[in-house]
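Working through the structure, step by step
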Amino acid sequence: MISCAEAVRRLWEYIDDVVDASERALIETHLARCRRCCGELEFAHELRRTLTDAAQEDVPDDVLRRLRHTLEELER
Amino acid sequence: MDAVCAAEPQSARVERFRDVAREQLPRLYRIARRIVGDEAEDAVQDCLLKGYQSVDQLRDDTAAPAWLVRILVNCCRDRLRRRARSQEDVELDALEEFSLYRTIAYEDPFPYSDSLHLDFLAEFSVDDVRQVLLRLPEHYRIPVVLVYMHGFLAREVAEMLDAPLGTVLSRLHRGRKAFEQQMWRYATEHGLLREGVR
């Protein structure tokens, strides 16, 4: 069984499903027996979501207009 | 595809570039905002100009969005290098040992909370999160923004940055740690750890 430190180190990759099958199995075995790491997993999920939510942003109309204008101005 | 493109007139290629870039503008701006903050519009302008000057490299429409992001990231890096701002020198001490989860549990900022960790995150507005991101050094911020906020794969980011995959994976790991550490510091500095502050 892997240690807590090893499991926690791979949690984000686990969440993003970029670990291979054997690593996934090791992490899941650990999580099944470790309540603290389950808390870490829940927190990592929320932190990951916090970052994703912060990516969403309306682009101001005037900025978009100026950028489109730049594109149109590029020599045809 | 390459043979077709080789015979493609320059004007048609520029028109294709314009179409792709127009469609990608919002995404390019959002990425630039997270990397260079207030200089985002200028960085996207740089990107459009460089993309136009390199339009000969635009061969495959499906790869065009990633091609544009790669150009944008390099424009952002150029701008960050020119800034030479103190924020790049932000102290990131003992990163490997830092755990936000454990720090929150140990410091217990909200003694009456039964969901301490989630309550900590709830104190951060979207703007707070963006401010924390801007505190990260460029070499951590860029992979974090591209992978965790804009859905690129680490392999794609490695290609964009001309860096080995192992380097990008290591920066992502340390970038996460740095982000967590800066969240705690930001919360401390901005009084987010006092119950009922918002």
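Residues numbered from 1 in each chain as written. Chains lettered and ligands numbered in written order. Predicted model: local features only at pLDDT ≥ 70, side-chain atom pairs only at ≥ 80, totals over all residues.

Some words on the interface of chain B and chain A
Cut-off, in case you're wondering: Whether two residues are in contact is decided by their C-beta atoms, placed from the backbone, lying within 7 Å. Secondary structure follows DSSP: runs of H or I at least 4 residues long count as helices, runs of E at least 2 residues long count as strands, and numbering of each begins at the N terminus. Put simply, Ala, Val, Leu, Ile, Met, Phe, Trp, Tyr, Cys and Pro go in the nonpolar bin, Asp, Glu, Lys and Arg in the charged bin, and everything else, Gly too, in the polar bin.
At the junction of the two partners, chain B supplies 28 residues and chain A supplies 24 residues. For the side of chain B that touches chain A, the elements supplying multiple residues, two or more each, are α2 (10-36), α3 (40-53), α6 (116-122), α7 (126-134) and α8 (138-149) of chain B. At 11 residues, α2 of chain B tops the list of elements feeding residues into the side of chain B that touches chain A. Grouping the amino acids of the side of chain B that touches chain A by side-chain chemistry returns 16 nonpolar, 4 polar and 8 charged.

With respect to the domain arrangement of chain B
Note on interface size: it is often stated as the accessible area lost on association of the parts. All names here are of chain B. For the record, the criterion: All domain edges in this entry derive from an automatic or database-based domain assignment.
Domain parsing of chain B yields domain 1 (2-84) and domain 2 (88-189). One C-alpha centre belongs to domain 1, the other to domain 2; they are set 27 Å apart. Secondary-structure elements contributing two or more residues to the side of domain 1 that touches domain 2 are α2 and α4 (64-83). For the side of domain 1 that touches domain 2, the element with the highest residue contribution is α4, accounting for 6 residues. Tallied by class, the residues present in the side of domain 1 that touches domain 2 amount to 6 nonpolar, 1 polar and 3 charged.

As for the packing of helix α4 (residues 35-55) of chain A against α7 of chain B
Inclusion rule: The convention used is that axes are lines fitted to C-alpha atoms, helices contributing only their stretch in contact, and that angles between N-to-C directions extend from 0 to 180 degrees. Any angle that falls under 35 degrees is termed roughly parallel, while one over 145 is termed roughly antiparallel, one within 65 to 115 roughly perpendicular, and all others oblique.
The interhelical angle for the contact between α4 of chain A and α7 of chain B, taken along N-to-C directions, is 95°, at an axis separation of 9 Å. One element, α4 of chain A, and the other, α7 of chain B, form an angle in the roughly perpendicular class. The segment α4 of chain A lies against α7 of chain B, with T50, L51, D53 and A54 of chain A engaging V126, V129 and R130 of chain B. Partitioned by chemical class, the residues of the contact of α4 of chain A with α7 of chain B number 4 nonpolar, 1 polar and 2 charged.

Here we look at α2 of chain B
Residues separated by three or four positions in an α-helix point in the same direction, a consequence of the helix having 3.6 residues per turn. The cut-off we apply is this: Given the number of residues in a helix, its expected span is that number minus one, multiplied by 1.5 Å. Take the seven residues that end at a residue and the seven that start at it, fit an axis to each, and the angle between those axes is the bend at that residue. The burial criterion counts other C-beta atoms lying within 10 Å of a residue's C-beta, which is placed from the backbone; the residue is buried at 20 or more, exposed at 12 or fewer, and partly exposed between these limits.
The terminal C-alpha atoms of α2 of chain B, which comprises 27 residues, lie only 32 Å apart, well short of the 39 Å expected from a rise of 1.5 Å per residue. Taking the largest bend as the criterion, α2 of chain B deviates by roughly 55°, centred on Q24 of chain B, and proline P26 of chain B comes between one and four positions later. Within the sequence span of α2 of chain B, burial applies to F17, A21, Q24, L25, L28, Y29, I31, A32, R33, R34, I35 and V36 of chain B. Contact partners of the buried residues in α2 of chain B: α4 and α5 (61-73) of chain A together with α3, α4, α7 and α8 of chain B.

What about the nonpolar core?
Residues and elements named next belong to chain B. The criterion, for reference: In plain words, the nonpolar core is the set of buried Ala, Val, Leu, Ile, Met, Phe, Trp, Tyr and Cys residues that C-beta atoms within 7 Å link up.
Counting residues in hydrophobic clusters, the biggest one holds 66 residues, and the most contacted among them are A32, V44 and L72. Looking at this core, the element that brings in the most residues is α4, giving 10 residues. Split by domain, this core shows at least three residues from each of two domains, domain 1 (2-84) and domain 2 (88-189). When residues no more than four places from it in sequence are discounted, the contact partners of A32 are A40, A43, V44, L72 and C76.

Observations regarding the packing of helix α9 (residues 154-161) of chain B against helix α10 (residues 165-189) of chain B
Residues and elements named next belong to chain B. Stated formally: Take the far helix as the reference: if the near one is turned anticlockwise from it by less than a right angle, the crossing is left-handed, and if turned clockwise, right-handed.
Relative orientation of the contacting elements α9 and α10 amounts to 110°, with a least axis distance of 9 Å. Judged by the angle between their axes, α9 and α10 are roughly perpendicular. α9 and α10 meet at a crossing whose hand is right-handed. Facing α9, whose interface residues are A154, R155, V157, A158 and L161, α10 presents L165, V168, L169 and L172. A class-by-class count of the residues in the contact of α9 with α10 yields 8 nonpolar, no polar and 1 charged.

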